[in-house]
Amino acid sequence: MLEAFWQALRDPVVRVVCAATAVCVVLVVVFVGWFTQPDRLARGFAPTQPIPFSHRLHAGSLAIPCLHCHSGAEKSRAAGIPSVEECMGCHRVTKTDSPSIQKLAAVWKSGGVLAWKRVHSLPSHVFFDHRPHVLAGVACQTCHGPVQEMAVISQHMSLRMGNCLACHRDPRPALPAGSTIVRAPENCNACHR
Amino acid sequence: MSDPRFSRREFLGLIGSATFVAGCSKDRGEIVPFTKRPEGAKPGVADFYASTFQEGLCAYGVLVKTREGRPIHVQGNDRHPAFKSKTSPAAIADIMGLYDPDRLKHPLMDGHPADWSAVESKLVSSLKDQSVLLVTGALLSPARRALIMDLKKVLPGLRHVSWEPALGDGQTAALQDCYGSARRPRLRLERAKVIVALEADLLSGGRTEEIGGFASNRTERSMNRLYAFEGSVSLTGANADVRVAWRPSRAAALGFALARELHQAGVPWPSGVDSSSLSDFSLEGLDSGLLRALVGDLKKSRNQAVVVAGPSLPPQAHAAAFLLNAMLGAEGHTVDASSSVAEPLSGSDAVAQALREAQEGKFGAAIFWQVNPAYSFPDAKLWKAAVAAIPLKVRIGLHEDETAQDCELVLPEHHWLESWNDFETAEDLLSLQQPAVGSLYETKQAEDILLDILRGLGGGAPIDYRHYLMARWQREVQPSGSLVPFESFWSAALHDGVCQRKAEAKPPRRLNGSAVNRWAQVAAQSERPQWELLLSPSANLFDGRYANNGWLQELPDPVTKLSWGNAVSMSPTDASRLSLEDGQVVRLSASGREVELPVVVQPGQAPGVLSAALGYGRRTGSIAQGVGANLFPLWNAAPVAVKDAGRREVLAFMQRHHTLEGRDVVRSLAWPKGRLAPRKDLASLYEPRKFPKHKWVMAVDLSLCVGCQACVLACQSENNIPTVGKERVLKGREMHWMRVDRYYEGSPENPRILMQPMLCQQCDDAPCENVCPVAATNHSDEGLNEMAYNRCVGTRYCQNNCPYKVRRFNFFEYTAQTPASARLAFNPEVTVRPRGVMEKCTFCVQRIQEAKQAAKVRGRPLQDGDIEPACAAACPARAIVFGDLKDSTSRVSKLTRSERGYRVLEELGVKPSVTYLADLRNPPQADAS
């Protein structure tokens, strides 16, 4: 049986067909795999940041509201990262002996840049807007996870379209009690343009 | 797999994603916040700065939209009283001038990079005690003028010539002679019922105010009547109710003959005009019925009429127009000189005179600022001789252009989006220019260079031009005795971009009758040459200053639809006599100079008239170089001879079919009685679509649209549309989401010309959607035909199935070919499309989304007018209206229900969302007397 197979393989047509089939199988596996990849692969991404900023301390223990620093979320598409000066608003007097705060202060004094590592990233053809979500009362934690418990910020939810659509089709679990919203837009232009 | 943690599906997924993840870096880039956030700066939110854009004798108030500190779009300033939120196409496109990769990035001394201090110390030491020639463009700025006056105090040998090479000298000469002052009046076309244009293009793209005024009287309720007498075909002729192909050499005769006819119809002469000097003019070739109608219209409308002569005409034609306007009493009504200011502009003669003196060694140094005489001065020999005799030549400019190559010192200046200035186009109106971005390169504002010279030569000067400007404003602009602190006055003026002030009422100008008599005698003696060559600034490139702007090179000429080059237009009669056709190259020669360029056979062109656009044929600039032919050598040259050069050039027309073939794609009605044929309701096999909340639609009023193409550029800027170059335009692969189709109807000798903006019609039963194999284009519940780029696989079925031909395909990775600096102009709200992806007009969905969110943030529902797509915002005629059809009171709903409304190719049953309102024309009735 195996011998017959080798025999047949001498024919160049059969060879091409076999090779093509093998390539196709791999492609299909990769393709299907990509579109069905589980959430947990994207989760837990937690790069080392230039300053070991702890959300657990600031948002958890100190209970500073999210919008205090990420004030863009109500006014802009991007929630934004606070400027170094905003950090220095407190840290001019708070914990000035910490080497990290001294690093922060040095950046602020020199006018240099503080480059944080991006954790949540969307492809360039996705135009997510924080405003309608925040205004509808969706808690930041719905997508960003229990930030107030994270010493190092990490990704909680894969930001794939399936997750967006699941919530847009039935947003009620994410909305505060009494919200009148029952559905969010599902047309392409809601996010792609 | 026995491992209970994995399902089969997950296993496959894991293998697939592992393959991908292995190849992908985990790094997702960086986020860099502001270190010190400027007050009011919100990442993701656009800021607008009021500023001013100057071109020639016009200063447009604009708003510059910036995102994260980068200017990305220019639109009109809504507080500007004349332009009213509209601006010129060049202002919109010149954002590319800011990001032009060819811009000079540091000073050059003898062709080598140098630093500013070395260059300026050399400059100051060489200028000291020298006689200096300073050639600039039109200044229009009181602060600039004051600065040059200050400079004269420390440099007594300074001679200043301000020169606009592409603007004719005829009007200035005639104004000086007939009114004793070169103050250019403002045309108030919104008050005009009858407009007579003699070779005057009142409706070309840059004439924003005139287009607005003209269009305000082109509705069912009130219609003006435009008579155009022209040799070439302009947008004015295309929109005229009566267009007569008329040779420009006879324009003056026509004007004076009309004045005589008007007098015979009972209108008195203005004082000092001698009727005997007007007896010789004949109106041969003009239909007598038309003449009767024209004279009747003028007589009836009186001060609601206006006669305008074009800048390319000689002074006698302007004098004739002045005479007619004086007889009609237009002064103070349709011709408003009450607050206009005189810009001391010298003609090319004055430049030639200065260059001749330079040749004799009269000048120790010369500074060329805003002008490029090595390209635009007609007499290249004189220029070469003059620069050889000037020891130090200085070029202050944006590029290392033709003139810079002849100069020892090349000083890069700021782009206008990086500069401070003020502009005065009327005594009662000042507009301010402020930087919308810090300087991108090691450049300086030109005025700061002059201030450095002033300081170096011992004059007192503030630390920079901004302070110079502010000091001048505090002294001269803020009303004396005002209780407002200057800082508040200044910041209010900067915020508004304009400052209106009281001007002393001037006595009306008086026409000097004897000057008119003299010009009439000149006109009576003028001959009719065999060929007349009309040269005008290009509708896109002006005098060549925008030649390195790809958007403007690719934007087709509004009439010929030729992109990437210029050509000489010739009448069909002449072309068939000389057996020439489109693309055949001819040699034009006059005064011993020759230019070779291809022919375009232009329906409607008067026989014997050749016309061509200036601004092409630049010798420098990576985009500008070698595109088209430079016609400045033939400026004011006569007589012109034409010879077949025996070769051909390929012309990149963006429209290849020019007639409607009897179909009613563009509908035109005779006002006031014309009506469209009643609409037939078409049966459809599809269920009607339901739109629960909004239904976005557009209305385009063809009666208002003049075809200036400002919309096309605004769309290009807003939607990150690439340019593709001549080669791909020839293959029909241009990327414009919006175009203006131009059709000829009737005889080629003088056809009717129709314009139609064409964009995605957002059909309810869109034929493109049905054929997409991957559902990349589908319908939203707000009536938009959406394009999901990330889904598109590039089959182009949709493009083939679109009856309007508005879908565009990215054959190449155009973004990769966009220089890094030009990518800064990208609108971050719109996806930059990669290769292999189809794209098309989205009705500016990013603006729809933004308006919705802004309304939500403010806690109020969307209102009519909240959303304005880029094309509608840019349209100087307000021909494009956008809105929600579900709101029955919205403007667009009313227009959609209009009796003039129709949909293009409606019979296909695709249910387009764009309603066109039929063009209205108001020709005189045949029996008018």
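Residues numbered from 1 in each chain as written. Chains lettered and ligands numbered in written order. Predicted model: local features only at pLDDT ≥ 70, side-chain atom pairs only at ≥ 80, totals over all residues. Heavy atoms only, no water.

Draft legend 1. Fine view of the confidence of the model for chain A. Looking at chain A, pLDDT values average 91 and 98% of them are 70 or higher. By mean pLDDT, helix 3 (residues 39–42) of chain A is the weakest element of chain A at 71, and helix 4 (residues 55–61) of chain A is the strongest at 95. (pLDDT = per-residue confidence, 0-100. Helix = DSSP H or I, 4+ residues; strand = E, 2+ residues; numbered from the N terminus.)

Draft legend 2. Representation of the nonpolar core. Residue and element names in this part refer to chain B. In this structure, Leu-202, Met-698, Tyr-804, Phe-843 and Tyr-916 are the most contacted members of the largest nonpolar core, which totals 135 residues. When residues of this core are assigned to their parent elements, the largest contribution, 6 residues, is made by helix 22 (residues 710–718). If near-sequence neighbours (up to four positions away) are discounted, Met-698 is found in contact with Leu-759, Phe-843, Pro-869, Cys-871, Ile-880, Val-881, Phe-882, Val-892, Ser-913, Val-914 and Thr-915. Judged by nonpolar contacts, the second largest core, of 53 residues, contains Leu-258, Leu-283, Ala-305 and Met-327. (Core = buried A, V, L, I, M, F, W, Y, C linked by side-chain atoms within 4.5 Å. Buried < 20%, exposed > 50% of the residue type's maximum accessible area, 1.4 Å probe, protein only. Contact = heavy atoms within 4.5 Å.)

Draft legend 3. Layout of empty space enclosed by the protein. Residues and elements named next belong to chain B. Tallied over the entire structure, the rule returns 10 cavities of 30 Å³ or more. Looking at the largest cavity, its volume works out to about 110 Å³. In terms of lining residues, the largest cavity is bounded by 15 residues, among which Cys-705, Cys-708, Cys-711, Cys-875 and Pro-876 are the most central. Looking at the lining of the largest cavity, its residues break down into 13 nonpolar, 2 polar and no charged. (1 Å grid on protein atoms, 1.4 Å probe; cavity = no way out; pocket = protein on both sides within 12 Å on 5 of 7 lines; lining within 4 Å. Points joined across faces, edges and corners; volume = space filled by probe spheres on them. Nonpolar A, V, L, I, M, F, W, Y, C, P; charged D, E, K, R; others polar.)

Draft legend 4. Looking closely at the domain arrangement of chain B. Residues and elements named next belong to chain B. What the domain assignment lists for chain B is domain 1 (185–336), domain 2 (529–653) and domain 3 (696–921). Centre-to-centre, using C-alpha coordinates, domain 1 lies 28 Å away from domain 2. On the side of domain 2, 17 residues touch domain 1, which itself brings 14 residues to the contact. Roughly 1000 Å² of surface becomes buried between domain 1 and domain 2 when both sides are summed, with 62% attributable to carbon and sulfur atoms. There are 1 salt bridge connecting domain 1 and domain 2. Between the two partners, domain 1 and domain 2, sit 6 residue pairs in polar contact (both at pLDDT 80 or more). (Domains from an automatic or database assignment. Buried area = accessible area lost by both parts, 1.4 Å probe. Salt bridge = Lys/Arg side-chain N within 4 Å of Asp/Glu carboxyl O. Polar contact = N/O pair within 3.5 Å; in protein donor to acceptor, adjacent residues only side chain to side chain.)

Draft legend 5. Spatial organisation of helix 6 (residues 170–179) of chain B. All buried positions along helix 6 of chain B are accounted for by Gly-170, Thr-172, Ala-174, Leu-175, Cys-178 and Tyr-179 of chain B. Buried residues belonging to helix 6 of chain B abut helix 11 (315–328) and helix 19 (513–525) of chain B.

Draft legend 6. Spotlight on the interface of chain B and chain A. Listed as interface residues are 48 residues of chain B and, on the opposing side, 47 residues of chain A. Interface area for chain B against chain A, summed over the two sides, is near 4300 Å², with a carbon-plus-sulfur share of 58%. The largest per-residue losses of area from chain B upon contact with chain A belong to Arg-28, Ile-31 and Thr-35 of chain B, which jointly make up 17% of the total buried on that side. There are 6 salt bridges connecting chain B and chain A. Summed over the shared surface of chain B and chain A, the result is 19 residue pairs in polar contact (both at pLDDT 80 or more). Of all the secondary-structure elements, those providing two or more residues to the side of chain B that touches chain A are helix 1 (8–23), strand 1 (30–31) and helix 28 (845–858) of chain B. Looking at the side of chain B that touches chain A element by element, the count peaks at 10 residues for helix 1 of chain B. A per-class count over the side of chain B that touches chain A returns 19 nonpolar, 14 polar and 15 charged. In terms of strand pairing, strand 1 (residues 116–117) of chain A meets strand 1 of chain B through 2 bridges, oriented antiparallel. (Pairing = 2+ DSSP bridges.)

Draft legend 7. Broad picture of the pattern of salt bridges. Per the stated rule, a full pass over the model turns up 65 salt bridges over all chains. When the shortest N-O distance is used, the salt bridge between Lys-153 of chain B and Asp-150 of chain B registers 3.2 Å. With a gap of 3 residues between them, Lys-153 of chain B and Asp-150 of chain B both fall in helix 5 (residues 142–154), about one helical turn apart. With relative accessibility at 65%, the residue Lys-153 of chain B sits in the exposed group. With a shortest N-O distance of 3.0 Å, Glu-164 of chain B and Arg-545 of chain B are connected by a salt bridge. Here the residue Glu-164 of chain B occupies a position in the loop between strand 8 (158–162) and helix 6, and Arg-545 of chain B occupies one in the loop between strand 21 (532–537) and helix 20 (550–554), the gap between them amounting to 381 residues. When its relative accessible area of 32% is taken as the criterion, Arg-545 of chain B is described as partly exposed. Taken together, the shared-partner salt bridges connect Arg-77 and Arg-193 of chain A together with Arg-67, Glu-68 and Glu-829 of chain B into one network.

Draft legend 8. Molecular detail of unusual backbone geometry. Residue and element names in this part refer to chain B. Cis rather than trans, the peptide bond between Ala-638 and Pro-639 has omega equal to -10 degrees. Relative to the helices and strands, Pro-639 resides in the loop between strand 26 (609–614) and strand 27 (641–648). Cis geometry marks the peptide bond from Trp-671 to Pro-672, where omega comes out at -5 degrees. Following the sequence through the fold, Pro-672 ends up in the loop between strand 29 (668–670) and strand 30 (696–701). In this structure, Trp-564 takes a positive phi of about 50 degrees despite not being glycine. By the element assignment, Trp-564 lies in the loop between strand 22 (562–563) and strand 23 (568–570). A positive phi angle, close to 60 degrees, is found at Phe-843, a residue other than glycine. Note on placement: Phe-843 falls in the loop between strand 36 (838–839) and helix 28. The exposure class of Phe-843 is buried, given its relative accessible area of 1%.

Draft legend 9. Seen up close, the domain arrangement of chain A. Domain parsing of chain A yields domain 1 (2–35) and domain 2 (44–81 + 116–190). For domain 1 of chain A and domain 2 of chain A, the distance between their C-alpha centres works out to 45 Å.

Draft legend 10. Spatial organisation of the sheet that holds strand 7 (residues 132–136) of chain B. Residue and element names in this part refer to chain B. Strands sit in the order 6-5-17-16-15-7-8 across an open sheet of 7 strands; the sheet is mixed. Looking along the sheet, the strands with just one partner apiece sit at the ends: strand 6 (112–113) and strand 8. In terms of strand pairing, strand 5 (residues 108–109) meets strand 6 through 2 bridges, oriented antiparallel. In the sheet register, Leu-108 faces strand 6, and the bridge partner there is Pro-113. Taken strand by strand, helix 4 (residues 116–127) contacts strand 5, strand 7, strand 15 (365–369), strand 16 (392–397) and strand 17 (409–412), and its axis lies near 125 degrees from that of strand 17. (Axes fitted to C-alpha atoms, helices over the stretch in contact; angles between N-to-C directions.)

Draft legend 11. Region of the structure containing the sheet that holds strand 19 (residues 429–433) of chain B. Residues and elements named next belong to chain B. Spatially, the 3 strands line up as an open sheet ordered 18-19-20, and their pairing is antiparallel. The strands lining the two open edges of the sheet, one partner per strand, are strand 18 (421–426) and strand 20 (498–500). The mean inter-strand angle of the sheet, taken between neighbouring strand axes irrespective of direction, is 25 degrees. Bridging between strand 18 and strand 19 involves 5 bridges; their strand directions are antiparallel. Bridge pairing links Glu-424 to Leu-430 in strand 19.

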